[in-house]
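Structural features, examined
Single-letter residue listing:
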Amino acid sequence: AQSVSQHNHHVILSEAASLELGCNYSYGGTVNLFWYVQYPGQHLQLLLKYFSGDPLVKGIKGFEAEFIKSKFSFNLRKPSVQWSDTAEYFCAVNLYNNNDMRFGAGTRLTVKP
Amino acid sequence: EAQVTQNPRYLITVTGKKLTVTCSQNMNHEYMSWYRQDPGLGLRQIYYSMNVEVTDKGDVPEGYKVSRKEKRNFPLILESPSPNQTSLYFCATRDRSSSGYTFGSGTRLTVV
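Residues numbered from 1 in each chain as written. Chains lettered and ligands numbered in written order. Predicted model: local features only at pLDDT ≥ 70, side-chain atom pairs only at ≥ 80, totals over all residues. Heavy atoms only, no water.

**Structural notes on the pattern of salt bridges**
Under the counting rule described, the total for this entry stands at eight salt bridges over all chains. Put simply, glutamate 66 of chain A and arginine 77 of chain A hold a salt bridge, and the shortest N to O gap is 3.2 Å. Here glutamate 66 of chain A, found in strand β8 (residues 64-68), pairs with arginine 77 of chain A, found in strand β9 (residues 73-78); they are eleven residues apart in sequence, far enough to count as distant. On the accessibility criterion, glutamate 66 of chain A (28% relative accessible area) is partly exposed. One salt bridge connects aspartate 38 of chain B with arginine 44 of chain B, and the closest N-O pair in it is separated by 2.8 Å. Of the residues examined, aspartate 38 of chain B reaches a relative accessible area of 11% and is grouped as buried. (Salt bridge = Lys/Arg side-chain N within 4 Å of Asp/Glu carboxyl O. Helix = DSSP H or I, 4+ residues; strand = E, 2+ residues; numbered from the N terminus. Buried < 20%, exposed > 50% of the residue type's maximum accessible area, 1.4 Å probe, protein only.)

This is the structure:
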């Protein structure tokens, strides 16, 4: 079955630490890839997306993600996290020109000041 | 300002009492969708609509209905709510499949 896996359920980091959140998917075709962020009590906001071109994409707030097709992965990274990055992060995938967008279960990030 | 408006933000209701959660977008998008968010399960799609009068089931449609009579509105209807429908609900819209979603602010529903 087509699915999206986020390996870490809860990540705790200190400020200035580097972040990498894993995301793997099982779709076989051409995909569009997304990372969303949900701050406490808020709705999901788009952090970054990949649909073609350079596999290293940069998003808002210093986040970036790398699409590695051979590994079916789209990991999210940030060199130095801040307390304000405390949130839940969701990876999402949909097939090119398909309306079926699948979300991972989410990774909760806690950044300690 | 582009936005997706959901109402109400919070709702507590009793089992079996019909309710409607409204969703309206001002971006003229054809595609709209409803998701529910539950801890450890991420977001699961309930229903989606590709255009006016065109709706289809997502992964978890049981117990829900939708309608799309106008492009901007996509209400979610629970005809006979049950406690297992207690959840956080999001309406979302997007332009193309390569576009990200714009989400509404969410509706936290509790069915007792």
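From this point, the discussion proceeds with the structure in view.
**A look at the side chain of glutamine 85 of chain B**
Residue and element names in this part refer to chain B. Within the element layout of this structure, glutamine 85 appears in the loop between β8 (76-78) and β9 (87-94). Of note is the side chain of glutamine 85, whose polar atom sits 3.1 Å from the backbone oxygen of glycine 63. Those residues in contact with glutamine 85 that lie beyond four places of it in its chain are Arg36, Glu62, Gly63, Tyr64, Leu78, Ser80 and Leu109. (Polar contact = N/O pair within 3.5 Å; in protein donor to acceptor, adjacent residues only side chain to side chain. Contact = heavy atoms within 4.5 Å.)

**Side note on the state of the cysteines**
Evaluation of the coordinates by the stated rule reveals two disulfides over all chains. The disulfide partner of cysteine 23 of chain A is cysteine 91 of chain A, and the S-S distance across this bridge is 1.9 Å. Taking the torsion about the sulfur-sulfur bond, which here is approximately -65 degrees, the covalent link between cysteine 23 of chain A and cysteine 91 of chain A counts as left-handed. Residue cysteine 23 of chain A is found in the loop between β3 (19-21) and β4 (24-25), and its partner cysteine 91 of chain A is found in strand β10 (residues 87-95); the two are separated by 68 residues along the sequence. Cysteine 23 of chain B shares a disulfide with cysteine 91 of chain B; S-S distance 1.9 Å. Sign of the S-S torsion, about -70 degrees for the bond between cysteine 23 of chain B and cysteine 91 of chain B, identifies this disulfide as left-handed. A residue pair is termed long-range when its members are at least 10 positions apart, and cysteine 23 of chain B in strand β3 (residues 19-25) and cysteine 91 of chain B in strand β9 qualify at 68 residues. Neither residue differs from the other here; cysteine 23 of chain B and cysteine 91 of chain B are each classed as buried. (Disulfide = S-S within 2.5 Å.)

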